[in-house]
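Overview (structure and organization)
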Amino acid sequence: RKLITWFLEEVLEIKDISSQKKITRLLDKYEKLSQWDFEKLLHEIDVSINMKLVVLFMEARSIEDLQSSFITLAGSESFREFEEIITTLKHLGYGEEIEFSGSLIRGFDYYDGMIFEMFDTNTENPRALFWGGRYNGLADIFGVKGGISAVGFAPGDETMKLFLQGHDLLGVIQNKKEETY
């Protein structure tokens, strides 16, 4: 989230919060729209936006892609935080599973850190199994004081069913359930 905010403010020079919100909603649809429709809608928000820079950001798939395309990025606090998370995940053995996506923009009203989605490796189930992100202080909205930091996620029931079916696990789970009664 912070990385996208940095991109909007420092690279695209979009300082207006209302325009930033409109652009982030549009970036979330980047992979669902044709290039022509995306450009048209983006220029309706701000005609001065450099489309080449937007495409470079949106097509990046790794931290290295971002560094090579946006040299000033490496010095930013948002990049250092992002890099620390990616480096930690790589050290834990998840390096091959990590892919950056500039169009992964969910929950911007409450997430203030890393946003993620987890996908099945079965190509017949291309939707996210679950998604989530980091938020600091969200509990304050509900009356819990102290700025509690947390990471939350939500699974999709239908995608989980497709996952279990795709890996021939649904029957195993159903049999285990019957054994417990």
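In case you missed it, the structure is sitting above this.
Our subject in this report is the structure included herewith. Keep in mind the model is a prediction, meaning the values are calculated, not measured.

Calculation notes
Residues numbered from 1 in each chain as written. Predicted model: local features only at pLDDT ≥ 70, side-chain atom pairs only at ≥ 80, totals over all residues. Heavy atoms only, no water. Axes fitted to C-alpha atoms, helices over the stretch in contact; angles between N-to-C directions. Helix = DSSP H or I, 4+ residues; strand = E, 2+ residues; numbered from the N terminus. Parallel < 35°, antiparallel > 145°, perpendicular 65-115°, else oblique. Left-handed = near helix turned anticlockwise from the far one by under 90°. Contact = heavy atoms within 4.5 Å. Polar contact = N/O pair within 3.5 Å; in protein donor to acceptor, adjacent residues only side chain to side chain. Buried < 20%, exposed > 50% of the residue type's maximum accessible area, 1.4 Å probe, protein only.

In this section: the packing of helix H3 (residues 35-45) against helix H4 (residues 51-59). Two numbers describe how H3 lies on H4: the axes approach to 12 Å, and their chain directions differ by 120°. With respect to H4, the element H3 is oriented oblique. H4 is crossed by H3, and the crossing has right-handed handedness. Here Gln35, Phe38, Glu39, Leu42 and His43 of H3 lie close against H4, whose contacting residues are Met51, Val54 and Val55.

Note on placement: Asp120 falls in the loop between strand E1 (115-119) and strand E2 (128-136). One polar contact links Asp120 to His167, side chain to side chain, over a distance of 2.8 Å. When neighbours within four sequence positions are excluded, Asp120 is seen to be in contact with Asn125, Leu129, Phe163 and His167.

Residue placement: Gln20 occurs in helix H2 (residues 17-27). The exposure class of Gln20 is buried, given its relative accessible area of 9%. Beyond its immediate chain neighbours, meaning those up to four positions away, Gln20 contacts Thr5, Leu8, Glu9, Ile14 and Lys15.

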